[in-house]
Amino acid sequence: MAHTSANKKKLVTRVRRIAGQLGAIERAIESEAGCSQILQQVAAARGAMGGLLEELIEDHLRHHVARPDLNEAERRSGADELITIIRRYSK
């Protein structure tokens, strides 16, 4: 997705924040923190991952499906890629 270079800094920042959240979860488990605290951290990390996924899906749709200068084969290819990914990870 070469078009992600326009949002590269923002995306990398989000990924680093998620990595920090995962590190905090690991530390909480290692230090035997309370289960509710760990669950809350996991839920927050899951939400952050979901937000990143939504942003990437939107970006893919805008650049590989909805862009006005795409021909029908390019639109179909972009849609098929996204459908394959969604089906693979929604199970």
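Going by the structure above, here's the rest.
Residues numbered from 1 in each chain as written. Predicted model: local features only at pLDDT ≥ 70, side-chain atom pairs only at ≥ 80, totals over all residues. Heavy atoms only, no water.

Visitor: Sorry, what's going on with the packing of helix α2 (residues 35-64) against helix α3 (residues 72-89) here?
Guide: For any two helices packed against each other, one specifies the crossing angle of their axes together with the interaxial distance. Viewed as axis vectors pointing N to C, α2 and α3 meet at an angle of 165°, and their least axial separation amounts to 9 Å. By the angle class used here, α2 and α3 are roughly antiparallel. Viewed along their axes, α2 and α3 form a crossing whose handedness is right-handed. Counted together, Ile57, His60, Leu61 and His64 of α2 and Glu74, Arg75, Gly78, Glu81 and Leu82 of α3 form the full contact between these two elements. Per-class residue counts for the contact of α2 with α3 are three nonpolar, three polar and three charged. (Axes fitted to C-alpha atoms, helices over the stretch in contact; angles between N-to-C directions. Helix = DSSP H or I, 4+ residues; strand = E, 2+ residues; numbered from the N terminus. Parallel < 35°, antiparallel > 145°, perpendicular 65-115°, else oblique. Left-handed = near helix turned anticlockwise from the far one by under 90°. Contact = heavy atoms within 4.5 Å. Nonpolar A, V, L, I, M, F, W, Y, C, P; charged D, E, K, R; others polar.)

Visitor: What am I meant to see in the environment of Ala79 here?
Guide: Relative to the elements of secondary structure, Ala79 occurs in helix α3. Each C-alpha atom of the pair Ala79 and His64 lies 7.4 Å from the other, and the pair is 15 residues apart in sequence.

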